[in-house]
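# Chains, contacts and geometry: an overview
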Amino acid sequence: NDLTETMVPLFDKILDYVPEPKGDKDLPFQFQVSNLDYSSFLGRLAIGKITQGTLATNQEVALSCGEGETPQVFRVTKIYQFVSNEYDVIENAAVGDIIAIAGVDGFKVGMTVTDPAHPQYLPEIAIDPPTISMTFLVNSSPFAGQEGEFVTSNNILDRLKKAALSDVALIVDNLGGDAGFKVSGRGELHLSILVEQMRREGYEFQLSRPTVITKKVDGKVMEPFEELTIDIEESVMGVVMEQLASRKGQMISMDPIGENTGKLRLIYQIPTRGLLGYQGEFLMATKGRGIMGYIFLEYRAFSGEIKTRKHGVLIAKENCKALAFALDKLQDRGQLIIEAAEQVYGGQIIGKNAKEDDLTVNPGKGKKLTNMRASGSDDTVCLVPALKLSLEQVIAFIDDSELVEVTPKSIRLRKKELIESLRKK
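## Notes on the environment of His190
- Here His190 is to be found in helix 3 (residues 188–200).
- Separated by 21 residues in sequence, His190 and Ala169 have C-alpha atoms that sit 8.9 Å apart.
- Residues in contact with His190, not counting those within four places in the same chain, are Asp167, Ala169, Leu170 and Gly185.
- Looking at His190, its side chain comes within polar contact range of the main-chain nitrogen of Arg186, at 2.9 Å.

Below, the structure is given as structure tokens:
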């Protein structure tokens, strides 16, 4: 069928071939919370599928984690069904429906909402623990407050708390004073999505380097490990295996995908630390044709140092406007991440150094004005396009002495200590 005009034929096939949901609508009501959302008017919303029975607005139900716990009885104030990205209020729902319900703030993922007279509990859902944390700080750079609408610590904390209400894998801890807020999540992508949402909403703040959440068991430091699955072409297998070996990855299996496809599926067990910043490196190695995904495996003994950054940085010496003449001279020192005519401040990172150490440079140094002209010294300036780093890339790139400055309009890299003499001390 031609689907260019309508999706109806596809929907008809779904109705023909996909079986109806299992469950009996005549049995006592049973619903398991599988996700959460938050409404400023109704509080927490529980999202899940009705596994048996029916539900109506104002119906009395019980909420509990399982056998042996005292259930919390409440009335369902609202029932929502999903229409595209929006909620649509309905009065009744039955077995198989995926809905959101409101009525009590005590919802947690894995809890069962059931009939108070005939409670029937479902096995608890296992939730992967947070493995990565970052510190959110008030922006303290010389450009603070110029581009953001919400810039105070109270603004940032309120927004993070709101995010935690609807995200079961997000944990927010107030470190107090100027120390900022520790935000823990399930990986770089998880936290960078939150950062991107906040900057689009007008928030301005700074981020520290992401760190893995370790534990101590019997006096030994334990760190999280992931099971990594990658699909690649055979031609890039050697490069990818070398990259993962340097990140403490251990191959578990390697199998061909299909017959004569030239593709392989590799499964690794690797420390979460080893995956920090690897996404971009992997895409470059596979020319964008590789696929990778990972899930939490377990906590294991700390596997030693992993060095993922091989270059130092170029640091602006003082507040200035970057000049094309100066940037042209700096291109030989490394790879620039700023454009000509861009305003920078002292201590801001403007590029990657070709060597391992950091280098302080002056991107605002102009050409001396004289009456003398020469064919060699007066050549036209030709700048290589600046390297544009994504949010995930800059978060993965920084080290412990650096911060990411995030605003609605800009993403900048900086040293924690902006003054060069103090950095050397």
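On we go.
## Describing the pairing of strand 11 (residues 132–137)
- The buried count for strand 11 comes to six of six residues, which makes it a mostly enclosed element.
- Residues Ile132, Met134 and Phe136 of strand 11 are buried on one face, and the alternating residues Ser133, Thr135 and Leu137, pointing to the opposite face, are buried as well.
- Note that strand 11 and strand 13 (residues 181–185) share five bridges and pair antiparallel. Among the inter-strand pairings, Met134 is bridged to a residue of strand 13, identified as Val183.
- Of the strand pairs in this sheet, strand 11 and strand 15 (residues 211–212) are connected by two bridges, and their pairing is antiparallel. Bridged to Ser133 within strand 15 is Thr211.

## Digging into a nonpolar patch on the surface
- Together, Met7, Leu10, Phe11, Ile14 and Val18 line one region of the surface with nonpolar side chains, adding up to about 430 Å² of accessible area.
- With respect to the helices and strands, Val18 occurs in the loop between helix 1 (8–17) and strand 1 (30–39).

## Here we look at the environment of Ser235
- Inspection of the secondary structure assignment puts Ser235 in the loop between strand 17 (220–233) and helix 4 (237–246).
- Residue classification places Ser235 among the exposed residues on the basis of a relative accessible area of 64%.
- When the C-alpha positions of Ser235 and Leu10 are compared, they lie 38 Å apart, and in sequence the two are 225 residues distant.

## A short note on the side chain of Arg414
- Checked against the element boundaries, Arg414 lands in strand 28 (residues 411–415).
- In this structure Arg414 is buried but unpaired, with Glu405 as the nearest side chain of opposite charge at 6.0 Å.
- A distance of 2.7 Å separates the side chain of Arg414 from the side chain of Gln206, its partner in a polar contact.
- Within polar-contact distance, the side chain of Arg414 engages the backbone oxygen of Lys416 at 2.8 Å.
- Filtering out sequence-adjacent residues up to four positions away, Arg414 remains in contact with Ser140, Ser141, Gln206, Tyr345, Gly347, Gln348, Ile349, Glu402 and Leu403.

What counts and what doesn't
- Residues numbered from 1 in each chain as written.
- Predicted model: local features only at pLDDT ≥ 70, side-chain atom pairs only at ≥ 80, totals over all residues.
- Heavy atoms only, no water.
- Helix = DSSP H or I, 4+ residues; strand = E, 2+ residues; numbered from the N terminus.
- Contact = heavy atoms within 4.5 Å.
- Polar contact = N/O pair within 3.5 Å; in protein donor to acceptor, adjacent residues only side chain to side chain.
- Buried < 20%, exposed > 50% of the residue type's maximum accessible area, 1.4 Å probe, protein only.
- Pairing = 2+ DSSP bridges.
- Patch = residues over 30% accessible without salt bridge, like charges linked within 9 Å, V, L, I, M, F, W, Y side chains within 5 Å.
- Areas by Shrake-Rupley, 256 points an atom, 1.4 Å probe, with all protein chains shown as cover.
- Salt bridge = Lys/Arg side-chain N within 4 Å of Asp/Glu carboxyl O.
- Lys, Arg positive; Asp, Glu negative; His and termini not counted.

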